[in-house]
Amino acid sequence: MTNVLVCIKRVPDSSGEVLLTDDQQGVDGRYVGFTVSNHESCAVELAVQTAEATGGTVTLLTVGPSEATEQLRDTLALGCHAAVLVEAEPARLGPADVAREIAHVVREKEAAGTTYDLILLGNDAADSGDFQVGIRLAHALGRPVVNGVSTVEVADGHLTARGDGPEGEETYSLPLPAVATLLEGGVEPRYPTLKGRMAAKKVQIETRALSAEPAGASRVRLLLPPPAPSTVEVLGEGPEAAGAVADLFAKLGVTR
Amino acid sequence: MILVLIETENGAASEISLETLAFARSLAAEGGGIAIRAVVVGAVENRDALAAELGTHGAAEVRHAVGEAFTSYSGAAWAAALQAIRESTGSVVVTAAGSPRGNEVLAHLAARLDVPMAANATAFHGLAPFVVTRQVVGGAALEEMKLDQRPAIFSVAGHSWSVSPVEGASPAAWVEVTPEVAESDLVARVVSTGTKEVDHSDSLKSAKVVVGAGRGAGGADGFGAVTELAELLGGAVGVSRVVTSLGWRPHHEQVGQTGSRISPDLYIPCGISGAIQHWAGCASSKTILAINTDPEAPMMTKANYAVVGDMHEVLPAVIEELKSRGVS
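Residues numbered from 1 in each chain as written. Chains lettered and ligands numbered in written order. Predicted model: local features only at pLDDT ≥ 70, side-chain atom pairs only at ≥ 80, totals over all residues. Heavy atoms only, no water.

- The name given to chain B in an unreviewed UniProt entry is Electron transfer flavoprotein subunit alpha/FixB family protein, and the organism recorded there is Streptomyces ferrugineus.
- We quote the UniProt Subunit (unreviewed entry) comment for chain B here in full: "Heterodimer of an alpha and a beta subunit."
- Recorded under Function (unreviewed entry), the UniProt text for chain B is reproduced unchanged: "The electron transfer flavoprotein serves as a specific electron acceptor for other dehydrogenases. It transfers the electrons to the main respiratory chain via ETF-ubiquinone oxidoreductase (ETF dehydrogenase)." (UniProt positions renumbered as here; feature names shortened; annotations may be inferred.)

- An unreviewed UniProt entry lists chain A under the name Electron transfer flavoprotein subunit beta/FixA family protein, with Streptomyces ferrugineus given as the organism.
- UniProt, in the comment section headed Function (unreviewed entry), describes chain A in these words: "The electron transfer flavoprotein serves as a specific electron acceptor for other dehydrogenases. It transfers the electrons to the main respiratory chain via ETF-ubiquinone oxidoreductase (ETF dehydrogenase)."

Dropping the structure here:
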């Protein structure tokens, strides 16, 4: 039986235009939807598969605003069993703060008799792109960690994880308990079923406060990149543009 | 002292590591000529060639970490080596490429030292305070981040700096070191590496021409002209996330925030609207020729050149035109 903890994060859906708050400390949430990172969606799927295969459980955890219950409910519907919200204003937190808070929950749960054999996270969050919460968490807990892998399998107290390395597919094998950060692409996240949605509504989300004052994110301010100068030249419409396209290829020297 | 972790490919420094050296040289110059040391971990195919290459790109010295601990990759072990070399050299800045390896090793180092780390920096602004700009929200926004603890640890985003060799530079001095690595740092190490088959993601990242396709392809069988044009131009195929999500093409062809970031001489996105996540992966292209039925699609308005039309009509006509001109 493998109990898996999956850490997710409420992030702005950046498929639309991104605007910043007036104080330049965050993304203006009034004009965007919110979601979880693609990497984390894959981590959730792998967690559910792992738990199903071993008769274990999946617990979700997020460190974020109260509105993150929306992402927890949506994700619970995918086959997860429990959820924990550590309520905090995201702008006050750096990756070290987030890792410390997750570690605090894990230690308290373990002291109360609930152990997490495997902790899964996304390799990086879609908004902050820090690439370090999983590693800092592993250091805080004294557990081994593998990063940027695409698949995980649990058997005989070991985690086997695979991902692309510079010379080919790399395989890691390490003892549980362990931490792994996932990339997108190794698994296809499932869609929630009606039964899953109904079950998710009934789950009591455990809400906690921060365990310590945050150290912060070292952020000075956010900026929007300068807009690319729009100098688009329309070469034509439909198949009639083929000649102009071929001329462009010749001009750029890309035709062999 | 600035310490730069170098990754190698086929015995030479990776392109993004050389970009990182260029960033470090600019930083060193701002600091009045701070020395740059490169760090290489594990097996090296041709020491003299690598020393010459790294010297040409600004490194005065290479610290080469050797030993059984580095025969297969472990992020924690590499960080242990980097930590030991930093301590012995008194380096105040530690940087690496914003690659999976670079970000991973630096994150381990930052965790060990309990200092901040900035991932994917694109620029810096003075030294006191030392502030870097880095990419966030998949490149849709930038963050200015203060790194006022020592060492300052940051990775450098790919394609944000140009490789710039120094004419007449001497080879870097080579110093072999054997850092101690704890057993606990070797628990999560690579136990096997599969044979590298045709690595589409590498060819995609290095291709001079990329022909891209999105939802406009219409289905898994809608990529015939895309692949044919890519072959005619000696390029690679790159697709949007929706294409891989729908299972039309494999994930390693995905361009974007959670796929490959490309910087070809020419990118030809066909039937791709140009969502921010996709733009994050292709914004470094030198020239973009967009083909789309919607002239107001973001990709069309951001491109250098555009053709308004259905990719299934335009691409065959372009292929026919190229063949009529003798391109094969």
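## So, the packing of helix α6 (residues 242–252) of chain A against helix α10 (residues 311–324) of chain B
What describes two packed helices is the angle between their axes and the distance between those same axes.
Then, number 1: Axis separation between α6(A) and α10(B) bottoms out at 8 Å; the angle between their running directions is 60°. Comparing the axis directions of α6(A) and α10(B) gives the class oblique. In the packing of α6(A) onto α10(B), the handedness of the crossing is right-handed. Counting all contacts with α6(A), which are made through Ala242(A), Gly243(A), Val245(A), Ala246(A) and Phe249(A), the residues of α10(B) involved are Ala317(B), Val318(B), Glu321(B) and Leu322(B).
Then, number 2: Residues that form the contact of α6(A) with α10(B) fall into these classes: seven nonpolar, one polar and one charged. (Axes fitted to C-alpha atoms, helices over the stretch in contact; angles between N-to-C directions. Helix = DSSP H or I, 4+ residues; strand = E, 2+ residues; numbered from the N terminus. Parallel < 35°, antiparallel > 145°, perpendicular 65-115°, else oblique. Left-handed = near helix turned anticlockwise from the far one by under 90°. Contact = heavy atoms within 4.5 Å. Nonpolar A, V, L, I, M, F, W, Y, C, P; charged D, E, K, R; others polar.)

## Digging into the UniProt feature "domain: Electron transfer flavoprotein alpha/beta-subunit N-terminal" (unreviewed entry) in chain B
Then, number 1: Under the local residue numbering, the UniProt record ascribes the feature "domain: Electron transfer flavoprotein alpha/beta-subunit N-terminal" (unreviewed entry) to residues 2–190 of chain B.
Then, number 2: Within residues 2–190 of chain B, the helical portion is 29% and the strand portion 31%, while the C-alpha atoms at the span's ends are 29 Å from each other.

## Digging into the domain arrangement of chain B
A common measure of how large an interface is: the accessible area buried when the components associate.
Residues and elements named next belong to chain B.
Then, number 1: Considered domain by domain, chain B is made up of domain 1 (2–185) and domain 2 (201–325).
Then, number 2: Just the C-alpha atoms count here: the centres of domain 1 and domain 2 sit 33 Å apart.
Then, number 3: Taken residue by residue, the interface counts five residues in domain 1 and seven residues in domain 2.
Then, number 4: In this assembly, domain 1 packs against domain 2 so that about 460 Å² is buried in total across both faces, 49% of it on carbon and sulfur atoms.
Then, number 5: Broken down residue by residue, the surface that domain 1 buries against domain 2 is led by Gly-138, Ala-140 and His-159, which jointly contribute 82%.
Then, number 6: Where domain 1 touches domain 2, the interface holds zero salt bridges.
Then, number 7: Linking domain 1 to domain 2 there are two residue pairs in polar contact (both at pLDDT 80 or more). (Domains from an automatic or database assignment. Buried area = accessible area lost by both parts, 1.4 Å probe. Salt bridge = Lys/Arg side-chain N within 4 Å of Asp/Glu carboxyl O. Polar contact = N/O pair within 3.5 Å; in protein donor to acceptor, adjacent residues only side chain to side chain.)

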